[in-house]
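Single-letter residue listing:
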Amino acid sequence: MTGTNTDMKHPMCKAFLSAFVIFLIGILPILIASGGVYIWTGDYPAQTIVFIERIHRMLHSGQGLPAFDWGSMLGMDFLTSYHDHLFSPFEWFLYALPYAAVPYAHSLFMAGKIGLSAVTAYAYCRQYVKSNQTAYICGLLYAFSGFQIFNLVYQFSDRYLLFPLLLYCFDRLVIDKKPFCFAALLALNCLISPYFTWMICLFLLIYYVVRTATGSFPRLNLRLFLRLGLESVCGVFGGSIVLLPFYRVLSGNTRAS
């Protein structure tokens, strides 16, 4: 889309900084009351913080990446049990810090995720609106949407910030025939969360059918089918390092049937 005279300068930077600052201002009362540590109820103190602490201590124990963890529950596979926290680039920044700093840094990392969600939503929406200002507003609405804020304290926010970028790459693959970007994003989604990826793929199928029916996507032909198939296979293959052991462990769990 062509810009207008009212377009913003550096809109992606503004989208990130706006969302980052708004989030920190929103949780400022909690940080003041808790001495700088973000506090939440539910699974956040019972699971999220506990898991991060456990992984942090194991990674800093000098034993490398263990294959099995006897200290969790009755013993469990380390890779597939903690994969939600192991393949997020944000979590690795946390693990690199001294553990005493992790509870205080977590708020900044959550603010960073919100900021990046605004940026990726901006990138996707900018394709279909006339001005940077409109896309900027769309980015903030996505970053502070209800499901995003409700699931802040979980690792789900990594998937949310990548989702608009995956749609953007999918659009570029279908419309502009730009390769590799979609496959790379799909592989990253597989690595971060195999469970969420199948839902994303289902959404992409519906997304393609709807956009084809409305005439905003080209009709499916053999060349487009092969291009989409190759990118999808490469993306899933790129995430197979965690998909295969994930499937092996879950296939023996009757609760996951």
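In short, a report on the structure. (Residues numbered from 1 in each chain as written. Predicted model: local features only at pLDDT ≥ 70, side-chain atom pairs only at ≥ 80, totals over all residues. Heavy atoms only, no water.)

**Details of the state of the cysteines**
We count it as follows: A pair of cysteine sulfur atoms is labelled a disulfide when the two atoms are within 2.5 Å. Note on conventions: DSSP H or I runs of at least 4 residues are helices, E runs of at least 2 residues are strands, and numbering of each starts at the N terminus. Here's how the labels work: a residue is buried when its accessible area is under 20% of the maximum for its type, exposed when over 50%, partly exposed in between, all with a 1.4 Å probe on protein chains only.
Within the structure shown, the criterion is met by 1 disulfide. Residue Cys 169 pairs covalently with Cys 181 via a disulfide, S to S 2.2 Å. With Cys 169 in helix 9 (residues 157-176) and Cys 181 in helix 10 (residues 181-192), this pair connects stretches of sequence that are 12 residues apart. Taking relative accessible area as the criterion, Cys 169 reaches 1% and is therefore assigned buried. Residue class for Cys 181 comes out partly exposed when judged on its relative accessible area of 32%. Unpaired in terms of disulfides, Cys 138 finds its nearest cysteine sulfur in Cys 125, a separation of 4.2 Å. Cys 138 sits in the partly exposed class, given a relative accessible area of 25%.

**Observations regarding helix 7 (residues 132-143)**
In plain terms, the rule: Multiplying 1.5 Å by the helix residue count minus one yields the expected span of that helix. Arc definition: it is the arc formed by the directions from the helix axis to the C-beta atoms. Throughout, a contact is declared for two residues whenever any of their heavy atoms are within 4.5 Å.
For helix 7, which comprises 12 residues, the first-to-last C-alpha distance of 16 Å matches the rise-based estimate of 16 Å (1.5 Å per residue) to within 8%. Here helix 7 has its buried residues at Asn 132, Ala 135, Tyr 136, Gly 139, Leu 140, Tyr 142 and Ala 143. Down the axis of helix 7, the buried side of the element spans an arc of 160 degrees, and every buried residue falls inside it. Those residues of helix 7 hidden inside the fold are in contact with helix 1 (11-34), helix 6 (102-125), helix 8 (146-150) and helix 9.

**Thoughts on the layout of surface pockets**
Our working definition: Here the term cavity refers to a set of points on a 1 Å grid, laid over the protein atoms alone, in which a 1.4 Å probe fits but cannot get out; the term pocket refers to an open set having protein on both sides within 12 Å along at least five of seven lines, with lining residues being those that place an atom within 4 Å of a point. Grid points are joined across faces, edges and corners, and a volume is the space filled by probe spheres set on the points. Here the term charged refers only to Asp, Glu, Lys and Arg, the term nonpolar to Ala, Val, Leu, Ile, Met, Phe, Trp, Tyr, Cys and Pro, and the term polar to all other amino acids, Gly among them.
Roughly 280 Å³ of internal volume is contained in the second largest pocket. What lines the second largest pocket is a set of 13 residues, among which Phe 170, Leu 204, Leu 205, Leu 228 and Ser 232 lie closest to the centre. Taken together, the residues of the lining of the second largest pocket break down into 11 nonpolar, 2 polar and no charged.

**Some words on unusual backbone geometry**
Although it is not a glycine, His 10 sits at a positive phi angle of roughly 55 degrees. The residue His 10 is located in the segment before helix 1 in this model. For His 10, a relative accessible area of 59% gives the class exposed. Look at Phe 180: it is not a glycine, yet its phi comes out positive at around 75 degrees. Among the secondary structure elements, Phe 180 is positioned in the loop between helix 9 and helix 10. The class of Phe 180 is exposed, set by a relative accessible area of 64%.

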